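Summary of the model geometry
Chain by chain, the residues run as shown.
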Amino acid sequence: MLRYTLTRLLSLAISLAVASVVIFLAIEILPGDPAAFMLGVNAQEDTLAALRDQLGLNGTLWERYVSWVGGMLTGDFGTSYTYRTPVAGMIADRLWISLPLAIYALLLSTLIAFPAGIWAASRRGSAADVGVMGTTQLGVAIPNFWFAMLLVVVFAINLQWFSAGGFPGWDEGFWLSIKSLTLPAIALALPQASILARVMRSALLDTLSEDFVRTARAKGLSRRQALWRHALRNALIPVLTIIGLQFSFLLAGGIIIENVFYLPGLGRLIFQAISARDMIVVESVVMLLVFAVILVNFLVEIAYALVDPRLRHRA
């Protein structure tokens, strides 16, 4: 298990190094000068040069890359061109909204998808199976931003159970903050739950047709006992993959939902930074999100080894 973990850690480090180069170069080749954007089209050349020097834009590409990576390794993500505040502080403030929202949405998605997928697989071909699959197909087809607006109309405007948007802050109370994240979390969780339920059903049906399940049934176990004791654990590997990918998507892909509900999270921060040509913020936030994706994939692979001992022995 130790060798397996070290191998995956090495792969994580290489992936992060490659990702940092790709992100930096992709941002650098974008057209436009942040200094010219900040000062306007009528700015004098000496003023532009002074601002570029102040922002650290006059160094070579290699010098700026090393400075950026070295700063991130020490917790210094640079200073925002627009707000003139440390990027690390801006990310920390927004992360305390986006991270709980992603965890909340993933929890809702899992709580919905697992029972639905297991129920459909255990009743293959029945009306319950058809109903679950039809509902999940509808959940995949509905855009989450449209569903978000529908939730606002029904639960915020008509029923007035929740607020239509905004975030009060964690210092105003845990339950009040969770309540403000509930509608966005539901909007994010619906399509993810639909996908996860379909994967859960397919994985269980494939596992139930394996020889070891038939052997368990031949030894006297009922279909229900064989499902819960043997099939479910072996069907978790593809499900864990989807859960890991979903968490990464929920953390990095909530830009539209955060804008619908006016949540000051990482998604809105990226959107505002791109609009203001604040490239140091974009680079740092995207790198953080890439790190989160790679870290989640690493944890999923460790979970594989815990679920399936054959992976540990093969490593």
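Parameters and conventions
Residues numbered from 1 in each chain as written. Predicted model: local features only at pLDDT ≥ 70, side-chain atom pairs only at ≥ 80, totals over all residues. Heavy atoms only, no water. UniProt positions renumbered as here; feature names shortened; annotations may be inferred. Helix = DSSP H or I, 4+ residues; strand = E, 2+ residues; numbered from the N terminus. Core = buried A, V, L, I, M, F, W, Y, C linked by side-chain atoms within 4.5 Å. Buried < 20%, exposed > 50% of the residue type's maximum accessible area, 1.4 Å probe, protein only. Domains from an automatic or database assignment. Contact = heavy atoms within 4.5 Å. Phe/Tyr/Trp six-rings, centres within 6.5 Å; stacked < 30°, edge-to-face > 60°. Expected span 1.5 Å × (residues − 1). Arc of directions from axis to C-beta.

Under an unreviewed UniProt entry, the protein chain has the name Peptide/opine/nickel uptake family ABC transporter, permease protein and belongs to Pseudooceanicola batsensis. Here is the UniProt Subcellular location (unreviewed entry) comment for the protein chain, exactly as written: "Cell membrane".

**Considerations on the UniProt feature "transmembrane region" (unreviewed entry) in the protein chain**
Here, the residues flagged by UniProt with the feature "transmembrane region" (unreviewed entry) are residues 9-30, 101-121, 142-162, 174-197, 235-257 and 285-307. Counting secondary structure, residues 101-121 comes out at 100% helix and 0% strand; the distance between its end C-alpha atoms is 30 Å. The straight-line gap between the two end C-alpha atoms of residues 142-162 is 22 Å; of that span, 71% is helix and 0% is strand.

**Comments concerning the nonpolar core**
The biggest cluster of nonpolar side chains holds 76 residues, and the ones touching the most others in it are Trp68 and Val285. Composition of this core by domain shows at least three residues from each of domain 1 (1-86) and domain 2 (88-311). Excluding its chain neighbours within four sequence positions, the residues that come into contact with valine 285 are Ile91, Leu266, Leu269 and Ile270.

**Some points on the packing of aromatic side chains**
In the structure shown here, the tally under the stated rule is six aromatic pairs. Ring centres 5.1 Å apart and planes at 80 degrees place the aromatic pair phenylalanine 174 and tryptophan 175 in the edge-to-face group. Overall, tryptophan 175 belongs to the exposed group, its relative accessible area being 67%. Three or more aromatic residues joined by ring pairs form one cluster here, namely Phe167, Trp170, Phe174 and Trp175.

**Focus: the environment of serine 67**
Position of serine 67 relative to the elements: it lies in helix H4 (residues 61-73). Taking the C-alpha atoms as reference, serine 67 lies 9.2 Å from glycine 78; in sequence the two are eleven residues apart.

**Section: H4**
For H4, which comprises 13 residues, the first-to-last C-alpha distance of 18 Å matches the rise-based estimate of 18 Å (1.5 Å per residue) to within 8%. For H4, the full list of buried residues reads Arg64, Tyr65, Trp68, Val69, Gly71 and Met72. Looking straight down H4, one finds its buried side chains confined to an arc of 160 degrees; they lie on one side. The exposed residues of H4 that point more than 90 degrees off its buried face are Trp62, Ser67 and Leu73. The positive-phi residue at the C-terminal boundary of H4 is glycine 75, with phi of around 90 degrees.

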